[in-house]
Amino acid sequence: MNATLETIQRRYACRSFQSTPVPDDLLGAVVEAGLHAPSAVNRQPWRLVVISDKSVIDELDAAGVARLSQFDPAGYQRILDRGGRLLYNCPALVLVLTERMESFVKTELDAGIVVSHLLLAATAVGLSSCPCALIGAALTGPEGEVWKRRLEAPDGFDFALAILLGYATGPGQAPHAVDWSKVSKLTA
Ligand SMILES: Cc1cc2nc3c(=O)[nH]c(=O)nc-3n(C[C@H](O)[C@H](O)[C@H](O)COP(=O)(O)O)c2cc1C
């Protein structure tokens, strides 16, 4: 099978990472793949914040869990059932931020393509990954502004998604089954 299609079929959301660090060259290759993403009018309305300091990741995780417990009891319970960590012990992550702007083209669409590039590039180089929206609990609201400053996120950009990266513990998961009922086809 074509290597790109095979990579697409192999990707899955990993929720248990080894503590083994991600080599810098692989992290760089994944991030560069994100920067290749197309965007409306080539505006590239995103910033990527790469974090591979495990102590910062753990602190961010704890802040997110604490905030979730206050504001989203159902989400908090789901995370407790999964082991109590939002970031699943990942050794590295990329925060995808989107630029706040008035436009009929949603910047989230551009950011979504970046995310897809990051996830597939990670799979292609042998890393596991997980998109993580729930860490937004730590990165929004007044306390979120403190975190964004600490992480040197530029003004005018909002948190969109975190991409967790690393090596899976165990064999990993089967990718989700494709659902062809989502597709309809008009024929002449
Ligand atoms: C925008 C977005 C946000 C997500 N946020 C989370 C999250 O906060 N925590 C989590 O464990 N998984 C999260 N996921 C992963 C999804 O749950 C996962 O992609 C979905 O269940 C399909 O499984 P698969 O990725 O293994 O195919 C998110 C996925 C997307 C696309």
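J.: So what exactly am I meant to see when it comes to the site of the ligand here?
T.: Around the ligand, the neighbouring residues are Tyr12, Ala13, Arg15, Cys130, Pro131, Cys132, Ala133, Leu134, Leu161, Pro175 and His176. With three residues, strand β3 (residues 128-132) is the largest single contributor of residues to the shell around the ligand. Looking at the shell around the ligand residue by residue, the classes come out as nine nonpolar, one polar and one charged.

J.: When you look at the sheet that holds strand β2 (residues 92-99) in this model, what are you seeing that I'm missing?
T.: Adjacent strands of a sheet form backbone hydrogen bonds with each other and so pair up, either parallel or antiparallel. Spatial ordering of the open sheet is given by β1-β2-β4-β3, a layout of four strands whose pairing is antiparallel. Across the chains shown, the open sheet's two edge strands, defined by having one partner strand only, are β1 (46-51) and β3. Going across the sheet, the axis of each strand differs from the next one's by a mean of 20°, ignoring polarity. Inspection of the sheet shows β3 paired to strand β4 (residues 157-166) by five bridges, in the antiparallel sense. Bridge pairing in β4 links cysteine 130 to leucine 164. The strands touched by helix α5 (residues 107-124) within the sheet are β1, β2, β3 and β4, with β2 carrying the most contacts at an inclination of about 160°.

J.: Explain the pairing of β4 to me, please; I cannot follow it from the model alone.
T.: Judged by how many residues are buried, β4 sits mostly within the fold: eight of ten residues are covered. Pairing analysis gives eight bridges linking β2 to β4, with the strands arranged antiparallel. Among the inter-strand pairings, glutamate 99 is bridged to a residue of β4, identified as phenylalanine 157.

J.: Whenever I open this one, unusual backbone geometry confuses me. Can you help?
T.: One can expect most non-glycine residues to show negative phi and most peptide bonds to be in trans. A positive phi angle is found at asparagine 42, which is not glycine, with a value near 50°. One can find asparagine 42 in the loop between α2 (24-35) and β1. A residue is classified by how many C-beta atoms lie within 10 Å of it, and asparagine 42, with 7 of them, is exposed. We note that glutamine 44 has phi near 45°; this positive angle belongs to a residue other than glycine. On the secondary structure map, glutamine 44 appears in the loop between α2 and β1.

Analysis parameters
- Counting from 1, residues in each chain are numbered in the order their sequence is written.
- pLDDT decides what is reported in this predicted model: residues at 70 or higher carry local features, side-chain atom pairs at 80 or more are listed and counted, and totals for whole chains, interfaces and linings draw on all residues regardless.
- Nearness here has a simple definition: the residue's C-beta atom, placed using the backbone, must lie within 6 Å of the molecule or strand.
- Helix and strand labels come from DSSP, where a helix needs a run of H or I of at least four residues and a strand needs a run of E of at least two; each type is numbered from the N terminus.
- Residue polarity is assigned by list, with Asp, Glu, Lys and Arg as charged and Ala, Val, Leu, Ile, Met, Phe, Trp, Tyr, Cys and Pro as nonpolar; anything else, Gly included, falls into the polar class.
- Between any two strands, at least two bridges found by DSSP are needed for them to pair.
- Axis angles are defined between N-to-C directions and span 0 to 180 degrees, where every axis is a line fitted to C-alpha atoms and, for a helix, only to the segment in contact.
- What counts as a contact is two residues whose backbone-derived C-beta atoms lie within 7 Å of each other.
- Residue burial is a threshold on neighbouring C-beta atoms within 10 Å of the residue's own C-beta, all placed from the backbone, with 20 or more meaning buried, 12 or fewer meaning exposed, and counts in between meaning partly exposed.

On their own, these measurements won't tell you what the molecule is for.
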